[in-house]
Amino acid sequence: MGHNISILSKHNLDITNIESLAFDIYNKYEFTIEYGYYAVEEYNKLLENGLDETFISLGTIGDILLNKRFLLIDENFQQKQLYEKHGDALFEIMEYWYWFDFKQFNKDKPSNEQIELEKRAIQLKSYTLDYHSEMEENGFMSIYDEIIVNDLHYYSKWWEFCKTIQERNYFDDDDYQNFRKQIMKDTLLFGGNKAYFVNDQCSHLKGVGQGDEMYYSWQELEDYFNSREKLELVSISKTVLDNNYRKEVRKKISENLAFFDDFEDIK
């Protein structure tokens, strides 16, 4: 399986609820946003809501456009409903854990550790912003309490990305420079001042880049990056502004790298 780029940045969006978030994003992007959640069959039964397993729209902001729109999804909507209904007793209901294969781990019920992790996950904000267009490639953005994972724009797989920066392969081409500018625009628009680019299968990061970033505050995430003994953080903008630094980066082992961009050379 190919290694992908996970792009993480800070945000200051209004995540009080999905409607507030939809209005905040709309005021920044000015694209149509439909917001809601996906109803899951197993959760529907526990909630006794009579819903089908489908997307449940809670509202739309902006004009309905045929060729360009965002779909904003609350990933924890039904889990939060269930927790409000049952409290901690929810985790004793085995139907709730329909997605977990206990037999694989020779268990017949969740451990206390699993319960605490699930409870924490429900309480965290977790939204997905899906982009749909007939004219452009689709993409998405994950939005957590303080962190955005931006997959709205595609440039390459991880190893090609490393070559672009280390070996200057196509660095000055429009594809890469436009990619940087798109990430800069999103990062600054949503309240961040830099973006981190990590290998989503990096052995040094233990799940960060694969979803575990949702458990971190922005400061905790930066502290975590800086605490990893073998991980080497490379400044993309500094490779442009400092020729000696660029030469040193060329010598580094790609498997140990993560990059960050503060866009100093293009602001």
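All of these numbers come straight from a predicted model, not from anything done at the bench.

## Concerning the packing of aromatic side chains
Reasoning step 1: According to the stated counting rule, one finds 33 aromatic pairs in the structure shown.
Reasoning step 2: Centroid distance Phe 91 to Tyr 96: 5.9 Å. Interplanar angle 80°. Geometry classified as edge-to-face. Side by side, Phe 91 and Tyr 96 carry an identical accessibility label, which is buried.
Reasoning step 3: Between Phe 161 and Phe 197, the aromatic rings sit 5.2 Å apart at their centres with planes inclined by 25°, giving stacked as the arrangement. Here Phe 161, found in helix H5 (residues 158–166), pairs with Phe 197, found in strand E8 (residues 195–199); they are 36 residues apart in sequence, far enough to count as distant.
Reasoning step 4: Ring pairs connect the aromatic residues Tyr 43, Tyr 83, Phe 91, Tyr 96, Trp 97, Tyr 98, Trp 99, Phe 100 and Phe 102, which therefore count as one cluster.

## A word on the nonpolar core
Reasoning step 1: Ranked by internal contacts, the top residues of the largest apolar core, which has 21 residues, are Phe 161, Tyr 176, Phe 179, Phe 197, Ile 236 and Phe 259.
Reasoning step 2: If you list the elements that add at least two residues to this core, you get strand E1 (5–10), H5, helix H6 (174–189), E8, helix H9 (243–250) and strand E10 (257–261).

## Notes on the pairing of E1
Reasoning step 1: Within E1, five of the six residues are buried, which leaves the element mostly enclosed by the surrounding structure.
Reasoning step 2: Bridge analysis of E1 against E8 gives five bridges, and the strand direction is antiparallel. Paired with Ser 9 across the strands is Ala 195, a residue of E8.

Parameters at a glance
- Residues numbered from 1 in each chain as written.
- Predicted model: local features only at pLDDT ≥ 70, side-chain atom pairs only at ≥ 80, totals over all residues.
- Heavy atoms only, no water.
- Phe/Tyr/Trp six-rings, centres within 6.5 Å; stacked < 30°, edge-to-face > 60°.
- Buried < 20%, exposed > 50% of the residue type's maximum accessible area, 1.4 Å probe, protein only.
- Helix = DSSP H or I, 4+ residues; strand = E, 2+ residues; numbered from the N terminus.
- Core = buried A, V, L, I, M, F, W, Y, C linked by side-chain atoms within 4.5 Å.
- Pairing = 2+ DSSP bridges.

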